[in-house]
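Geometric and topological summary
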Amino acid sequence: MKSVDTNVLARFVVGDEPAQSARAAQLLQASCFIADTVLLETAWLLGSRYAMDRASVAATLRDLIDLPSVSVGDADGLCWAIERFAAGADFADMLHLHGSRSADAFVTFDQKVARVAAAASPLPIETL
């Protein structure tokens, strides 16, 4: 199984480079892995460089991890982070929470994290 980079996902989603987009589509039809950090960078790229709105970015991320040939670390956790992102949370913060789920608590100065993570946070959030 091969792991794909953000630029492969971008070519697949945006289709702005026909030859590379075709190669990306071919690769994503085979068994491949997408790391959480690649999804994070993809979200940033689609929102900033391609000016996609939050709802479209979230839907695109869901579509990518739902491809039958794609594997991710923890699909349920990623779906939670994507849903929180769609509802207004910072995607990186939600991935931080998800990645910290084995800890006792997530400590931050950012009071918004607790508000946007809601009661469904995978671990308690402590604000300083």
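Relevant structure appears above.
Throughout what follows, the structure given in this document is the object of discussion. (Residues numbered from 1 in each chain as written. Predicted model: local features only at pLDDT ≥ 70, side-chain atom pairs only at ≥ 80, totals over all residues. Heavy atoms only, no water.)

A separate point is a nonpolar patch on the surface. The grouping of V107, F109 and L128 at the surface amounts to a nonpolar patch, some 360 Å² of accessible area in total. Note that F109 resides in the loop between β4 (106-108) and α7 (111-117). Overall, F109 belongs to the exposed group, its relative accessible area being 67%. (Patch = residues over 30% accessible without salt bridge, like charges linked within 9 Å, V, L, I, M, F, W, Y side chains within 5 Å. Areas by Shrake-Rupley, 256 points an atom, 1.4 Å probe, with all protein chains shown as cover. Salt bridge = Lys/Arg side-chain N within 4 Å of Asp/Glu carboxyl O. Helix = DSSP H or I, 4+ residues; strand = E, 2+ residues; numbered from the N terminus. Buried < 20%, exposed > 50% of the residue type's maximum accessible area, 1.4 Å probe, protein only.)

Time to look at the sheet that holds strand β1 (residues 2-3). Two strands in a sheet stick together by hydrogen bonds in their backbones, pointing the same way (parallel) or opposite ways (antiparallel). Across the sheet, which stays open at both edges, the three strands sit in the order β1-β2-β3 with parallel pairing between neighbours. The open sheet has two edge strands with one neighbour each: β1 and β3 (70-71). Of the strand pairs in this sheet, β1 and strand β2 (residues 32-33) are connected by two bridges, and their pairing is parallel. From the neighbouring strand, K2 faces β2, where its bridge partner is C32. (Pairing = 2+ DSSP bridges.)

All right, on to the environment of S31 then. Among the structural elements, S31 can be located in the loop between α2 (18-29) and β2. Between the alpha carbons of S31 and S3 there is a distance of 9.1 Å; along the sequence they are 28 residues apart. Aside from chain neighbours lying at most four places away, what touches S31 is M1, K2 and S69. (Contact = heavy atoms within 4.5 Å.)

Moving on: the pattern of salt bridges. For the coordinates displayed, the defined rule picks out three salt bridges. Two residues, D16 and R11, come together in a salt bridge whose shortest N-O distance is 2.9 Å. Owing to a relative accessible area of 36%, D16 belongs among the partly exposed residues under this scheme. Here D74 and R101 are joined by a salt bridge, their closest N and O atoms 3.8 Å apart. Residue D74 is located in the loop between β3 and α5 (75-86), and its partner R101 is located in the loop between α6 (91-99) and β4; the two are separated by 27 residues in the primary sequence. Residue D74 is classed as partly exposed on the basis of its relative accessible area of 25%. The class of R101 is partly exposed, set by a relative accessible area of 42%.

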